[in-house]
Amino acid sequence: MRLRSGFKAGKEIGLIIKKGGLPKFSQWTQTLNILSKKEKISLLVFLILFLISSLFLWFSFYYKNTEIKPAKGGNYIEGVIGRPRFINPIYASSNDADRDLVELIYSGLMKYDNEGKIAPDLAKSYEVKDDGKVFEFSLKDNIFWHDGKKFSIDDIIFTINTVQNPDYKSPQRTNWLGVDVEKTNENSLRFLLKNPYPAFLENTTLKILPKHIWEKIPPQNFPLADFNLQPIGTGPYRFKNLTRDKLGYIRSLTITSFQKYFAKKPFISEITFQYFENENDAISAAKKEEIQGISSISSKNYKLINDNTFSVYSLSLPRYFALFLNPRESKILADKNIRLALNYGTNKKEVIEKALSGKGKVAESPILPEIFGFNQPSKIYQFNQETAKNLLEKAGFRDEDNNGFREKIVENPQAAVFKSNLQMGSQGTEVKELQKCLAKDSEIYPEAEITGVFGEKTKQALIRFQEKYKKEILEPTGLTKGTGNVGKNTRTKLNELCGKPTKEITPLQFSLITVDQPQLIEVANMIKKHWENLGIKTEIKTFEISKLQQEIIKPRAYGILLFGEVLGSIPDPFSFWHSSQKRDPGLNLTDYENKAKIRKIPKYFN
């Protein structure tokens, strides 16, 4: 068969096709010889579009009909700043390094799921009864401790009793005061509350200790037990080993997946935590690819890590950092004008932009409305240094000596120097002041001897003084001659003439206390700059977290504290703001009490 096709005038191409066959490749290529340049470009564009469309259709088909799933196995290495001390649920809340391990090694009746909601963990089901005063739980089957022992209700009761016992000094104790727990059968128990408490369910996320391991360890030895660093739990991972440096500090700790875990087993077989003194050491290890992730670093150091190697994951957590003002420790803070001035005088947005590299939000309320869906507060204190200065002026603080810092000067009237009945033989400071007062008039006390001993010369000088001012001293009592003794009328006149006016100077200065952590120190320094622009002298003091909690927070030994508070998934302000929580172990860090509102507090807060 012969085909003739004219693509160009005067030209033709012939393709000889055998029956049942196709043109050879060499025959197809000859078609390019008869195409113009414009036609060749059009053909090329068509072919490119065809290839792109084909690839797109292929990838679309692939992704629609396949699913990416994590593979099991592998070892993940994470860098952590700080070191574990108590991998123990009743102590771990104060240390991130401990808390992370507790979450992986132990289990609670309830837990937080991937969406931050409270979900069953050890519990198979639960029921709330008696208007929220009774919580009943039943357990899942086949739960084992990492040492192979069977888990039981007794482990839960032991853990709660331990937390409630003040001898163990658990930070969790305040959450469990007034709660009774009883075993109803081998697989269930109930908690009895004195009053309804909606947030109680969150308390049951407390991780459970093995009774058979801890019951024989007395309270004073609890913090010293080896099991604080070699824990046995029921969680998805079990302790494998740890390494120490020459000084005995923990360098790394490894956990491995627990094969008898009662729930879905984790995909990563083994996790190793490497511990560092500071961020710089952790970042250096990351650059050397000695670790695969860092649990937390300050936002300013993000850029120090190669973005092509590491990804940054940011989460919105129900926690905030704030300045907690304690007027019981710093009397100046009792003045509302001072507290308002500090609020107006702090540029919170600048702190977030510069100290946190924009990785944060301004919290206008301790309830965090954006996270929990509440209304924003009706009153918001926007940064305004002029308003702050006016409030400080209103409180009486001015820069009287032009040194850049404010002080409050209070002029007191004549202070009484003479308070005692003095006579011959008296001696001491008050007699010295008497002699100084009399010596101001050379006609009364020409000798002007300041001995501190009431002798004859002092007596005669005093008689002359009394007779000089007889109208105020002698006549009211019917006397005509001086007695030489210091009585009521004589004292009054002496104080009038020689009493010392006092000037009370109160400098406007504060100590701002926070954790010895780079990012918080940077925030503190920015706040110091804001306040010193107002004339407030500010000193920053930092403490290691455990020392801060024991020596500063526990006794409330601070005027201003820069610190963080973590809210639960059920927002409950009780432990942070109720007046009963003003003392340890409560977390009312501002000594806040509103007597006018106490009766309006819901029953479960009492």
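Everything numeric here is computed off the predicted structure, so don't read it as measured data. (Residues numbered from 1 in each chain as written. Predicted model: local features only at pLDDT ≥ 70, side-chain atom pairs only at ≥ 80, totals over all residues. Heavy atoms only, no water.)

Asker: Describe the packing of helix 12 (residues 429-439) against helix 13 (residues 456-468), listing the residues and the values that go with them.
Answerer: With their axes 10 Å apart at the nearest point, helix 12 and helix 13 run at an angle of 55° to one another. Comparing the axis directions of helix 12 and helix 13 gives the class oblique. Both helix 12 and helix 13 take part in a crossing whose hand is left-handed. From helix 12, Leu434, Gln435 and Leu438 reach across to helix 13, where they touch Thr458, Ala461, Leu462 and Phe465. (Axes fitted to C-alpha atoms, helices over the stretch in contact; angles between N-to-C directions. Helix = DSSP H or I, 4+ residues; strand = E, 2+ residues; numbered from the N terminus. Parallel < 35°, antiparallel > 145°, perpendicular 65-115°, else oblique. Left-handed = near helix turned anticlockwise from the far one by under 90°. Contact = heavy atoms within 4.5 Å.)

Asker: Which residues make up the pairing of strand 19 (residues 560-566), and what values go with them?
Answerer: Within strand 19, 5 of the 7 residues are buried, which leaves the element mostly enclosed by the surrounding structure. Bridge count for strand 14 (residues 319-325) against strand 19 is 7 bridges, and the pairing is antiparallel. Looking at the pairing, Ala322 lines up with Phe563 of strand 19. Of the pairings in the sheet, the one linking strand 17 (residues 509-515) to strand 19 comprises 3 bridges and is parallel in character. When the bridges of strand 19 are listed, Ile513 appears paired with Leu561. (Buried < 20%, exposed > 50% of the residue type's maximum accessible area, 1.4 Å probe, protein only. Pairing = 2+ DSSP bridges.)

Asker: An account of the packing of aromatic side chains is requested, with residue identities and associated values reported.
Answerer: The final tally for this structure, using the stated rule, is 16 aromatic pairs. Centroid distance Phe86 to Tyr91: 5.3 Å. Interplanar angle 50°. Geometry classified as tilted. Judged by relative accessible area, Tyr91 falls into the buried class, the value being 9%. An aromatic cluster of at least three residues, connected via ring pairs, comprises Tyr126, Phe135, Phe137, Trp176, Phe191 and Phe200. Between Lys260 and the ring centre of Phe144, over which it is positioned, the NZ or CZ distance is 5.2 Å. Over the ring of Phe405 we find Lys537, and its NZ or CZ is 5.8 Å from the ring centre. (Phe/Tyr/Trp six-rings, centres within 6.5 Å; stacked < 30°, edge-to-face > 60°. Lys NZ or Arg CZ within 6 Å of the ring centre and 35° of its normal.)

Asker: Break down the sheet that holds strand 11 (residues 250-257) for me, citing the residues and quoting the values.
Answerer: Read from one edge to the other, the open sheet built from 5 strands follows the order 10-11-12-3-13, with strand pairing classed as mixed. Bordering the open sheet on either side are strand 10 (237-244) and strand 13 (293-294), each of which pairs with just one other strand. Sheet topology note: the strand 3 (residues 75-81)/strand 13 ladder contains 2 bridges and is parallel. Each bridged residue has a counterpart across the sheet, and for Glu78 the counterpart in strand 13 is Gly293.

Asker: Which residues make up the sheet that holds strand 9 (residues 188-193), and what are the values?
Answerer: One open sheet holds the 4 strands; their spatial order is 6-7-9-8, and the pairing between them is antiparallel. Where the open sheet ends on each side, the last strands, each with one partner, are strand 6 (123-129) and strand 8 (179-185). Neighbouring strand axes in the sheet, compared pairwise and without regard to direction, differ in orientation by 20° on average. Lying over the sheet, helix 4 (residues 153-164) contacts strand 7 (134-139), strand 8 and strand 9, oriented at roughly 170° with respect to strand 8.

Asker: Break down the state of the cysteines for me, citing the residues and quoting the values.
Answerer: What the rule picks out here adds up to 1 disulfide. In this model, Cys437 is linked to Cys498 through a disulfide, with the two sulfur atoms separated by 1.8 Å. Measuring handedness by torsion sign, the sulfur bridge of Cys437 and Cys498 sits at about 75° and is right-handed. With Cys437 in helix 12 and Cys498 in helix 15 (residues 488-498), this pair connects stretches of sequence that are 61 residues apart. Judged by its relative accessible area of 11%, Cys498 is buried. (Disulfide = S-S within 2.5 Å.)

Asker: Any chance you could break down the pairing of strand 10 for me, citing the residues and the numbers?
Answerer: Pairing analysis gives 7 bridges linking strand 10 to strand 11, with the strands arranged antiparallel. Bridge assignment links Thr243 to a residue of strand 11, and that residue is Ser252. Between strand 10 and strand 11, which pair antiparallel one after the other, the connecting turn spans 5 residues, and Gly248 there sits at a positive phi close to 90°.

Asker: Which residues make up the packing of helix 9 (residues 348-355) against helix 16 (residues 518-532), and what values go with them?
Answerer: The contact between helix 9 and helix 16 brings their axes to 10 Å, and the two run at 140°. Classed by the angle they form, the pair helix 9 and helix 16 counts as oblique. When the axes of helix 9 and helix 16 are compared, the crossing they make is right-handed. Facing helix 9, whose interface residues are Glu350, Val351, Lys354 and Ala355, helix 16 presents Gln519, Glu522, Val523, Met526, Lys529 and His530. Across the contact of helix 9 with helix 16, the residue classes break down as 4 nonpolar, 2 polar and 4 charged. (Nonpolar A, V, L, I, M, F, W, Y, C, P; charged D, E, K, R; others polar.)

Asker: Could you give an account of a positive patch on the surface, with specific residues and numbers?
Answerer: A cluster of like positive charges, contributed by Lys69, Lys72, Lys264 and Lys265, occupies part of the molecular surface. Mapped onto the secondary structure, Lys265 falls in the loop between strand 11 and strand 12 (270-276). Under the relative-accessibility criterion, Lys265 is labelled partly exposed at 33%. (Patch = residues over 30% accessible without salt bridge, like charges linked within 9 Å, V, L, I, M, F, W, Y side chains within 5 Å. Areas by Shrake-Rupley, 256 points an atom, 1.4 Å probe, with all protein chains shown as cover. Salt bridge = Lys/Arg side-chain N within 4 Å of Asp/Glu carboxyl O. Lys, Arg positive; Asp, Glu negative; His and termini not counted. Charge placed at Lys NZ, Arg CZ, Asp CG, Glu CD.)

Asker: An account of the nonpolar core is requested, with residue identities and associated values reported.
Answerer: By size, the foremost hydrophobic cluster in this structure holds 61 residues, and its most contacted members are Phe137, Ile156 and Phe191. With 6 residues, the single largest contributor to this core is helix 4. Beyond its immediate chain neighbours, meaning those up to four positions away, Ile156 contacts Leu109, Leu139, Phe151, Leu189, Phe191 and Ile208. Counting 46 residues, the second largest nonpolar core, distinct from the first, contains Ile513, Met526, Trp531 and Leu567. (Core = buried A, V, L, I, M, F, W, Y, C linked by side-chain atoms within 4.5 Å.)

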